[in-house]
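Here are the chains, one letter per residue:
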Amino acid sequence: MIVVEVKACMMILLLKQFFADLYTKAFPFIGEVLLPAMLIITAAVLTVRTHFFQFCSIGDMFKTTVGSLISRKKRNKDEVFKQTKEKNSQKGTVSPFSALCTALSATIGTGNIAGVAYAMVMGGAGAVFWMWAATFVGMILKFAEGVLAVKYRVSEQDGVKGGAMYYIEKCTHRFGLKKSAKAFARIFAVATVFASFGIGNMSQASAISKSMESAFGLSDASCVCLGIVLSVATAAVVIGGAKRIAGANERLVPFMAAFYIAGCLVILAVRAEYIGDALFSIFSSAFGADAATGGIGGYAVAKSASWGLRRGLFSNEAGLGSSATVHAMSQENNPVKQGFWGMFEVFFDTGVICTLTSLVILTTTGIPHIGNGANGANIVGDEAKLGLAVNAFSFVFGNYGGAFVALSVALFAFSSILGWCFYGEKACEYLFGKKITFLYKAVFSASIIPGMMLGADLVMNVSDLFNIFMAVPNLSAVLLMSGEISQCVKVYLKSTGKGRGKNKENNNEKSNEKNKGKYCLSANGSNTQT
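Chemist: Lay out the overall build of the chain with the relevant residues and their values.
Modeler: Counting its regular elements, the chain contains 23 helices and four strands. In the chain, which comprises 530 residues, the share counted as buried stands at 54%. The long-range fraction of contacts in the chain, counting pairs at least 24 apart against all pairs at least 6 apart in sequence, stands at 83%. Within the structure as shown, the chain displays about 23,000 Å² of accessible surface, and the carbon and sulfur contribution to it stands at 65%.

In structure tokens, the structure reads:
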């Protein structure tokens, strides 16, 4: 009996060591090498097949997104916000702008502040250049997800449903894996549910707790009370459903973005004389020697590119397929136009927010040596990484710098909580039906409280694992359906007079009216049966 127990204990210890070694050795390779490579390869294929669409269509992207918001013509406003029944075969739940705000709420988070600072410490100023390069990689990926989300969404009596789960299922079914179609989609959905509690909930709550504790000296008891307040506030929003979540984000995201951008612009205005030096250090470090990268020549460039690309790719969640859920709910029926909103999401998150953070750091405190903070302290954990950003903002704002960063983190994190609750809810609905969603939202809201007390590193390590299970099936589907995305682009270019030949959309509307309520309008003029 004793021998059996000893053998059982030894077996448990061996299994524990096996999984520990698997996590510490295999996971870094998958998360830091294999996944970024898969993102870049998928983006490269899409870029070639769409003829570098993310570069050539920047004007159309701004016209569709920013242009439609600032236009004084009522016709343009109606086209974006008030799509009529006569022109639409199906009416989405939210406007394209609300969909953008909800997607941005999930992507703009603590990584835009602490993550950028840490990437620059480890990769030097040149990491910023490679973040810019990653922006164009992310733009074509989010564009593809937006196109597929609208094309393969499903119209039902209680509204429109869609997201990566739906086009993954369609893709695998189409390529001969009929029995496995649901399985791949369910893997994505399960991973989304678990990731929503990690990256979208507890890690964000932990970031709020650490930033408030650092800036205002809150005790553990105060952090728990703050967690209860956030839990109640989250429940009050998410229980109202998709429209209330989108409505809250439509107000919160522009405010928090304007708040953070204004603070960055004030610092850049004060330190304007150093902007030129900052830009010079970005480009020189990206392609040459830089003491901050801890090496010279090819090694320095490789390290700078590695950290910059990874930070840029992971900052906007391109390739995860998460934002496809909310893009499918948009009232926009043209897949390519909705794809433009996905492109703008990446541009704003990485191209604007991350760039401003990096310029603030470079024009104030600069980058400390690898592994050391501005005051010589070893940089470990999110709290210390955030401290680097606090030092930069405090350079101009003084004692108010920490409060500014803490409030920015709180706003970013709370909006991420709302956005990821939406993703998790729709994934739960796909797996178990609508009845389970209330329970999910209740548990999700309550999870904020323990999240305030947990270490962010522990939660993020678990979340990264589920992010991989989201990205792999999503990227596989996007890659296999790259031909359809290319076809959508060709039809769009023809309809705007920029492609070869001309295409009129009247046939779309006529076909749409005939099949109203039964089909979803697709970009190539055909209708996908739901």
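Chemist: How would you sum up the pattern of salt bridges? Please name residues and give values.
Modeler: Tallying each qualifying case throughout the model produces six salt bridges. For Lys151, the salt bridge goes to Glu484, with nearest N and O atoms at 3.1 Å. On the criterion of sequence distance, the pair formed by Lys151 in helix H8 (residues 126–151) and Glu484 in helix H22 (residues 482–495) is long-range, its members being 333 residues apart. You can call Lys151 buried: its relative accessible area is 5%. A salt bridge links Lys182 to Glu169; the shortest N-O distance between them is 3.7 Å. Of this pair, Lys182 sits in helix H10 (residues 181–216) while Glu169 sits in helix H9 (residues 164–174), placing them 13 residues apart in sequence. Using a relative accessible area of 35% as the deciding quantity, one classes Lys182 as partly exposed. The exposure class of Glu169 is partly exposed, given its relative accessible area of 22%. Three or more residues are tied together by salt bridges with common partners; here these are Lys161, Lys426 and Glu429.

Chemist: Summarise unusual backbone geometry; cite the residues concerned and give the values.
Modeler: If you check the backbone angles, His51 has positive phi at about 60 degrees while not being a glycine. Here His51 shows up in the loop between helix H1 (2–49) and helix H2 (53–56). We classify His51 as exposed; its relative accessible area is 55%. Backbone geometry at Phe52 places phi at a positive 60 degrees, although glycine is not the residue there.

Chemist: Quick one: what's the story with a nonpolar patch on the surface, residue by residue and with numbers?
Modeler: A surface patch of nonpolar side chains, about 330 Å² in accessible area, is lined by Phe184, Ile187, Leu465 and Phe469. Of all the secondary-structure elements, those providing two or more residues to the nonpolar patch are H10 and helix H21 (456–480). Following the sequence through the fold, Phe184 ends up in helix H10.

Chemist: Any details on the environment of Thr93? Residues and values, ideally.
Modeler: Turning to its location among the elements, Thr93 is positioned in the loop between helix H5 (74–81) and helix H6 (96–107). Taking C-alpha positions, Thr93 is 9.2 Å from Ala246, a pair spaced 153 residues apart along the chain. Contacts of Thr93, omitting those with residues within four sequence positions, involve Ala242, Lys243, Met329 and Gln331.

Chemist: Can you break down the packing of aromatic side chains residue by residue, with the values?
Modeler: Aromatic ring pairs are reported here in terms of the distance separating the ring centres and the angle at which the planes meet. In this structure the tally under the stated criterion is 28 aromatic pairs. Geometrically, the ring pair formed by Tyr166 and Tyr430 is edge-to-face, given 5.2 Å between the ring centres and 75 degrees between the ring planes. Of the two residues, Tyr166 sits in helix H9 while Tyr430 sits in helix H18 (residues 400–432), which places them 264 residues apart along the sequence. The class for Tyr166 is buried, based on a relative accessible area of 16%. Each ring, one from Phe255 and one from Phe259, has its centre 6.4 Å from the other, and the planes form 20 degrees; the classification is stacked. Of this pair, Phe255 and Phe259 are both found in helix H12 (residues 242–270), four residues apart, which corresponds to roughly one turn of the helix. An aromatic cluster is built from Phe255, Phe259, Tyr260, Phe393, Phe397, Phe404 and Phe412, whose rings are joined through pairwise contacts.

Chemist: Explain the nonpolar core residue by residue, including any values.
Modeler: Counting residues in hydrophobic clusters, the biggest one holds 131 residues, and the most contacted among them are Ile113, Leu141, Phe143, Tyr167, Tyr260, Phe348 and Phe393. Here Tyr167 is in contact with Glu145, Leu148, Ala149, Tyr152, Gly321, Ala324, Asn474, Ala477, Val478 and Met481, once residues within four sequence places are set aside.

Chemist: Mind laying out the side chain of Lys161, listing which residues take part and the relevant values?
Modeler: The residue Lys161 is located in strand S2 (residues 159–161) in this model. A relative accessible area of 19% means that Lys161 is categorised as buried. In terms of polar contacts, Lys161 uses its side chain to reach the side chain of Glu429, at 3.1 Å. Residues contacting Lys161, with those up to four places away along its chain left out, are Arg153, Val154, Glu156, Tyr166 and Glu429.

Chemist: Which residues make up the environment of Gln54, and what values go with them?
Modeler: Along the chain, Gln54 falls in helix H2. The exposure class assigned to Gln54 is buried, which follows from its relative accessible area of 2%. For the pair Gln54 and Phe143, spaced 89 residues apart in sequence, the C-alpha to C-alpha distance is 8.3 Å. Look past the residues within four positions of Gln54 in its chain and what remains in contact with it is Thr47, Phe136, Met139, Ile140 and Met343. At a separation of 3.0 Å, a polar atom in the side chain of Gln54 contacts the side chain of Thr47.

Chemist: So what about the side chain of Ser408? Which residues, and what values?
Modeler: In this structure, Ser408 sits in helix H18. If sequence neighbours within four positions are ignored, Ser408 has contacts with Ile113, Phe259 and Tyr260.

Chemist: Got a sec to walk through the confidence of the model for the chain? Specific residues and values, please.
Modeler: Interpreting fine coordinate detail is not advised for predicted regions of low pLDDT. Scored by pLDDT, the chain has a mean of 78; 73% of the residues are at 70 or more. Confidence over residues 369–383 falls short of pLDDT 50; this stretch has 30 contacts with residues more than four positions distant or in other chains.

Chemist: I'd love a proper account of the state of the cysteines, names of residues and values included.
Modeler: Disulfides are covalent bonds that connect the sulfur atoms of two cysteines. Evaluated as defined, the whole model comprises zero disulfides. As a non-bridged cysteine, Cys223 has Cys225 as the owner of its nearest cysteine sulfur, 9.2 Å distant. Of the residues examined, Cys223 reaches a relative accessible area of 1% and is grouped as buried.

Chemist: Go over the packing of H8 against helix H13 (residues 275–287), please, and point to the residues and values.
Modeler: Running from N to C, H8 and H13 cross one another at 85 degrees; their axes reach a closest spacing of 6 Å. On the basis of their axis angle, the class for H8 and H13 is roughly perpendicular. Across from Gly126, Val128, Phe129, Trp130 and Trp132 in H8, the residues of H13 making contact are Leu279, Ser281, Ile282, Phe283, Ser285, Ala286 and Phe287. The residue inventory of the contact of H8 with H13, partitioned by class, reads nine nonpolar, three polar and no charged.

Scoring rules and cut-offs
Residues numbered from 1 in each chain as written. Predicted model: local features only at pLDDT ≥ 70, side-chain atom pairs only at ≥ 80, totals over all residues. Heavy atoms only, no water. Helix = DSSP H or I, 4+ residues; strand = E, 2+ residues; numbered from the N terminus. Buried < 20%, exposed > 50% of the residue type's maximum accessible area, 1.4 Å probe, protein only. Contact = heavy atoms within 4.5 Å. Areas by Shrake-Rupley, 256 points an atom, 1.4 Å probe, with all protein chains shown as cover. Salt bridge = Lys/Arg side-chain N within 4 Å of Asp/Glu carboxyl O. Patch = residues over 30% accessible without salt bridge, like charges linked within 9 Å, V, L, I, M, F, W, Y side chains within 5 Å. Phe/Tyr/Trp six-rings, centres within 6.5 Å; stacked < 30°, edge-to-face > 60°. Core = buried A, V, L, I, M, F, W, Y, C linked by side-chain atoms within 4.5 Å. Polar contact = N/O pair within 3.5 Å; in protein donor to acceptor, adjacent residues only side chain to side chain. pLDDT = per-residue confidence, 0-100. Disulfide = S-S within 2.5 Å. Axes fitted to C-alpha atoms, helices over the stretch in contact; angles between N-to-C directions. Parallel < 35°, antiparallel > 145°, perpendicular 65-115°, else oblique. Nonpolar A, V, L, I, M, F, W, Y, C, P; charged D, E, K, R; others polar.

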